[in-house]
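Commentary on secondary and tertiary structure
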Amino acid sequence: MQTLTTLAGLVFLLWGMGVVSHDLNTFKIPNAKIKLGFKLVLVFLLIHISLTLCIKFNLLMPFLSSATGLALRFYPEYFLHVFLVSFFGILMWNTDVWPAGDAKFYIALGAALPLVNPNLGGFPAKTFFYFLVNIFVSSAFWAFGTFFFSGLQKLESKAFFLNVYENFIKEIEMLRKKYRGWQLLFVLSGILLLSLIQRTVLLTVKLSIAKQMTDSSVLFFVLFLIWDKLTPLFQKKAWLIFSGVAYALFLGLGLYFFPDQLIELLETAFIDMLKLSVFIMLVRRFAVFLMEQADLQAVYPEQVRPGMILSEKSRSIVRGDPNFEEDFDTFVKEGLTPVQVMVLQSHAERLRKVVPDFKYEVIKGRPFAGWILLGAILTVLFRNNIAIMLFR
């Protein structure tokens, strides 16, 4: 089996490097390469299944009599892992964290990981989470490191960092205006409800796999990634009705089924809510701000092109201008559409009457397939995710 897993590792590494190379050159991952990856997964999975069955029923050739294979229990666990990887890959795409190509690459590599190393950390219920953490933490460290290093290399590095600090203070002020009054109450109520659901599952579900899947660290990380899409939901009428019913059910059923743990559950969930609030509203905003600063460019309206991504500052300007309302209700993960570019350029003269040297802030796109491949390599090599290893 060692030979087979080593061969699988080399094959998937070469395939992944091919995907990364194409992404670096074209900023796209073609479907043909993703399909090849899934075909390779199927081939190695069938080989493993065949080897397992041959060993179980003594069908091996004499020269393969010493061969070892995966236990039958591996396969249900493998399919649970593939389901979780697929679910969260689709979630990353639907919440605009990744474009479709990156999400499919993550799913294909995720399906390959147990075929390369059947003893992955967190397998089967948390490997998808370790994989995601390895991807985002490694890419974030690189982005922050290169950003600060480039700042230190500038002749006026003090002015550079002072400007970053002033911009971040403005971000905090925008955050303060965004979350206040009823808006803040709705958000905190939503976080508390999610924490209560997670803690209740941990208390009532006996399966260790379910406990792993609903671990607090998983909830924290997923909310961190999809927060921009989630916060508007907390203010919708349907969510408020659902929340009211859920809180009533929780209190009623809690008093009946686990009255002794009810107060403890509420206290723990409340503490989680406070941690999550600080972590998501401040730490996440700081991380996103720094990553945007690292990739920020100022361009004239005539230089705006399809595929460019407006910074949060420029998005706020556009969304706050009634002239842009219809065409800018949503921003897609692939960047500005041709129609949006045309609208932005058509208002150039009007905007220059207010600000003579008006420019839009755009974020340079970075091919992300390389970080997904690096995350896969780290997941195969280490049983813990990179965050645990760095901050242990």
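First, a word on what this report is: a plain description of the structure on this page. (Residues numbered from 1 in each chain as written. Predicted model: local features only at pLDDT ≥ 70, side-chain atom pairs only at ≥ 80, totals over all residues. Heavy atoms only, no water.)

A short note on the overall build of the chain
- Each helix and strand in the chain was counted, giving 16 helices and 3 strands.
- Split into buried and exposed, the 392 residues of the chain put 42% on the buried side.
- Residue pairs in contact within the chain that sit at least 24 positions apart in sequence constitute 76% of those at least 6 positions apart.
- Carbon and sulfur atoms make up 67% of the accessible area of the chain, which totals about 21600 Å². (Helix = DSSP H or I, 4+ residues; strand = E, 2+ residues; numbered from the N terminus. Buried < 20%, exposed > 50% of the residue type's maximum accessible area, 1.4 Å probe, protein only. Contact = heavy atoms within 4.5 Å. Areas by Shrake-Rupley, 256 points an atom, 1.4 Å probe, with all protein chains shown as cover.)

Some points on the pairing of strand S3 (residues 360-363)
- The pairing of strand S1 (residues 296-299) with S3 spans 4 bridges and is antiparallel. Of the residues in S3, the one forming a bridge with Ala 298 is Glu 361.
- In the sheet, strand S2 (residues 309-310) pairs with S3 via 2 bridges, with the strands oriented antiparallel. Of the residues in S3, the one forming a bridge with Leu 310 is Val 362. (Pairing = 2+ DSSP bridges.)

Notes on a nonpolar patch on the surface
- On the surface, Leu 13, Leu 14, Met 17, Leu 374, Ile 377, Leu 381 and Phe 382 cluster together to form a nonpolar patch covering roughly 620 Å² of accessible area.
- Structurally, Met 17 can be placed in helix H1 (residues 2-26).
- Met 17 gets classed as partly exposed once you look at its relative accessible area, which sits at 45%. (Patch = residues over 30% accessible without salt bridge, like charges linked within 9 Å, V, L, I, M, F, W, Y side chains within 5 Å. Salt bridge = Lys/Arg side-chain N within 4 Å of Asp/Glu carboxyl O.)

Re the side chain of His 81
- Topologically, His 81 is positioned in helix H3 (residues 74-94).
- His 81 gets classed as buried once you look at its relative accessible area, which sits at 1%.
- If sequence neighbours within four positions are ignored, His 81 has contacts with Gly 110, Ala 111, Pro 114, Phe 123, Pro 124, Thr 127 and Phe 128.

Observations concerning unusual backbone geometry
- Of note, the amide linkage connecting Phe 123 to Pro 124 takes the cis form, showing an omega dihedral of 5°.
- By secondary structure assignment, the location of Pro 124 is in the loop between helix H4 (100-116) and helix H5 (127-153).

Overview of the environment of Arg 352
- Positionally, Arg 352 belongs in helix H14 (residues 348-354).
- Expressed as a C-alpha distance, the spacing of Arg 352 and Pro 301, which sit 51 residues apart in the sequence, is 10.0 Å.
- In this structure Arg 352 touches Tyr 300, Pro 301, Glu 302 and Phe 358, once residues within four positions along its chain are discounted.

Focus on the packing of aromatic side chains
- Counted under the stated rule, the structure contains 25 aromatic pairs.
- A ring pair is formed by Phe 74 and Tyr 78, whose centres lie 5.8 Å apart and whose planes are at 25°; its orientation type is stacked. One end of the pair is Phe 74 and the other is Tyr 78, both in helix H3 and 4 residues apart, which spans about a single turn.
- Judged by relative accessible area, Tyr 78 falls into the buried class, the value being 1%.
- Through successive ring pairs, a cluster of aromatic residues spans Trp 98, Tyr 106, Phe 129, Tyr 130, Phe 131, Phe 136, Phe 221 and Phe 368. (Phe/Tyr/Trp six-rings, centres within 6.5 Å; stacked < 30°, edge-to-face > 60°.)

Here's the deal with the nonpolar core
- Core analysis: the largest hydrophobic core is formed by 59 residues, its most contacted members being Phe 12, Trp 98, Phe 105, Tyr 106, Phe 128, Leu 132 and Ile 372.
- For this core, the secondary-structure elements that each account for two or more residues are H1, helix H2 (31-56), H3, H4, H5, helix H9 (216-230), helix H15 (369-381) and helix H16 (386-391).
- Looking at which element gives the most residues to this core, the answer is H4, with 11 residues.
- Setting aside its immediate chain neighbours within four residues, Ile 372 contacts Trp 98, Asp 102, Phe 105, Tyr 106, Leu 109, Phe 131 and Ile 135.
- Residues Leu 175, Leu 192, Leu 196 and Ala 269 belong to the second largest nonpolar core, which totals 25 residues. (Core = buried A, V, L, I, M, F, W, Y, C linked by side-chain atoms within 4.5 Å.)

A word on the pattern of salt bridges
- The full count for this structure, using the stated rule, is 1 salt bridge.
- As a salt-bridge pair, Asp 272 and Arg 199 come within 2.9 Å of each other at their nearest N and O atoms. Taken together, the residues span a long stretch of sequence, with Asp 272 in helix H11 (residues 259-294) and Arg 199 in helix H7 (residues 182-204) at a distance of 73 residues.

Remarks on the packing of H5 against H11
- In the contact formed by H5 and H11, the axes pass within 9 Å of each other and the chain directions differ by 55°. Between H5 and H11, the crossing angle belongs to the class labelled oblique. Here H5 and H11 pass one another in a crossing that is left-handed. Of the residues in H11, those touching H5 at Ala 140, Ala 143, Phe 144, Phe 147 and Phe 148 are Ala 287, Leu 290, Met 291, Gln 293 and Ala 294. (Axes fitted to C-alpha atoms, helices over the stretch in contact; angles between N-to-C directions. Parallel < 35°, antiparallel > 145°, perpendicular 65-115°, else oblique. Left-handed = near helix turned anticlockwise from the far one by under 90°.)

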